[in-house]
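# Coordinates in review
Single-letter residue listing:
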Amino acid sequence: MTGKRAENDKPLPDGRRAIGNPEGVVHGKTAEERLSRSESLLRQAQRIARLGHWRWSHEENCLKDWSDEFAAIIGVAPDELDPSREAETERTHPADRDRLQKL
């Protein structure tokens with residue numbers, strides 16, 4: 001970058017100026033595309049392997065997020081999954097519930 005102002009360098013309506021590097025935008029878009037592709041491959045792999053994941057919050061005592069495949073494995077739509085401790089206990093095999101309560 002030469003530090004030279006572009007001819008169309010005009011202040012924003014509030015008087016501030018925006019400085020940017022178009023090359024960074026291209027790299028950022030590429031990174032977003034790679035992330036999107038990676039997430040898509042993870043969803044596909046989980047679906048094929050019938051493997052899901054979730055994250056539990058000990059502070060809030062509930063599920064914080066989960067994969068679509070985790071919801072499918074337990075037989076609910078991802079947006080209908082009850083994240084509460086009570087619902088998680090119900091979904092757990094009776095033989096494993098004591099161990100779950102100790103976590």
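Our subject is the structure listed above.
Below, the structure is looked at part by part. In this text the structure is predicted, and so the values were computed from the model without any measurement.

Reading guide: rules and limits
- Residues numbered from 1 in each chain as written.
- Predicted model: local features only at pLDDT ≥ 70, side-chain atom pairs only at ≥ 80, totals over all residues.
- Heavy atoms only, no water.
- Salt bridge = Lys/Arg side-chain N within 4 Å of Asp/Glu carboxyl O.
- Helix = DSSP H or I, 4+ residues; strand = E, 2+ residues; numbered from the N terminus.
- Buried < 20%, exposed > 50% of the residue type's maximum accessible area, 1.4 Å probe, protein only.
- Contact = heavy atoms within 4.5 Å.
- Core = buried A, V, L, I, M, F, W, Y, C linked by side-chain atoms within 4.5 Å.
- Polar contact = N/O pair within 3.5 Å; in protein donor to acceptor, adjacent residues only side chain to side chain.

### Some points on the pattern of salt bridges
Following the criterion strictly, the structure yields five salt bridges and no others. The shortest N-O distance in the salt bridge between Arg50 and Glu69 comes to 2.9 Å. Here Arg50, found in the loop between α1 (22-49) and β1 (54-57), pairs with Glu69, found in helix α2 (residues 68-74); they are 19 residues apart in sequence, far enough to count as distant.

### Quick look at the environment of Ser57
With respect to the helices, strands and loops of the structure, Ser57 is situated in strand β1. By relative accessible area, Ser57 is classed as buried at 5%. Apart from residues lying up to four places away in sequence, Ser57 is in contact with Cys62 and Lys64.

### Details of the nonpolar core
Nonpolar side chains in soluble globular proteins tend to be buried together. In terms of nonpolar packing, the biggest core is built from five residues, these being Trp56, Leu63, Phe70, Ala71 and Leu81. In contact with Ala71, not counting residues within four places along its chain, are Trp66, Val76, Ala77, Pro78 and Leu81.

### Here's the deal with the side chain of Glu69
Taking the relative accessible area as the measure of exposure, Glu69 reaches 9% and is therefore buried. Within the structure, Glu69 has its side chain in polar contact with the side chain of Arg50 (distance 2.9 Å).

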